[in-house]
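Next come the chains, spelled out residue by residue.
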Amino acid sequence: MFDRLLQLDAHLLTWITSHRLTPLNTPFWLTSVISRGGMAWLAIGAGLAIGKRISVRGFLQLTLATLVAAVVSDRIVKPLVGRQRLSEEGARDRLPAVR
């Protein structure tokens, strides 16, 4: 079953990368950069805390949840799946549509 899931993931990745609109590349790339490590959530939370829309305790909870999610995904899930990332050398050679 895990092999089928990885196969489905590969097919979806190929489909997504071959059906993209060039004008959206830069906005999506910027969104990806801003969102690394949950930074977008932390910025939103900080803005809400400064504006007194959430408590400091709520912001700390958000920060802890973001940290736990980042650690679990980076240190547990990614190594468990073991798929070569697009940012790694040679990965883009497998996907001609990404070039």
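What counts, and at which threshold
- Residues numbered from 1 in each chain as written.
- Predicted model: local features only at pLDDT ≥ 70, side-chain atom pairs only at ≥ 80, totals over all residues.
- Heavy atoms only, no water.
- Helix = DSSP H or I, 4+ residues; strand = E, 2+ residues; numbered from the N terminus.
- Buried < 20%, exposed > 50% of the residue type's maximum accessible area, 1.4 Å probe, protein only.
- Contact = heavy atoms within 4.5 Å.
- Areas by Shrake-Rupley, 256 points an atom, 1.4 Å probe, with all protein chains shown as cover.
- Salt bridge = Lys/Arg side-chain N within 4 Å of Asp/Glu carboxyl O.

Some points on the overall build of the protein
- Secondary structure summary: the protein contains four helices and zero strands in total.
- Listing each helix as α and each strand as β along the protein from the N terminus yields α-α-α-α.
- Residues classed as buried in the protein amount to 7% of the 99 residues present.
- Expressed as a percentage of contacts within the protein between residues at least 6 apart in sequence, the contacts between residues at least 24 apart total 43%.
- For the protein, the accessible area works out to roughly 8300 Å², and carbon and sulfur atoms hold 66% of it.

Concerning unusual backbone geometry
- Even without a glycine there, the phi angle at Lys 52 is positive, about 60°.
- Within the element layout of this structure, Lys 52 appears in the loop between helix 3 (39–50) and helix 4 (56–81).
- By relative accessible area, which is 74% here, Lys 52 ends up exposed.

Topic: the pattern of salt bridges
- Throughout the structure, instances matching the rule amount to one salt bridge.
- Of the charged contacts in the structure, one is a salt bridge between Lys 78 and Asp 74, with a shortest N-O distance of 3.1 Å. Within this pair, Lys 78 and its partner Asp 74 are both found in helix 4, separated by four residues, close to a single helical turn.
- With relative accessibility at 39%, the residue Lys 78 sits in the partly exposed group.

Everything listed here is a matter of coordinates, which is why it stays silent on function.
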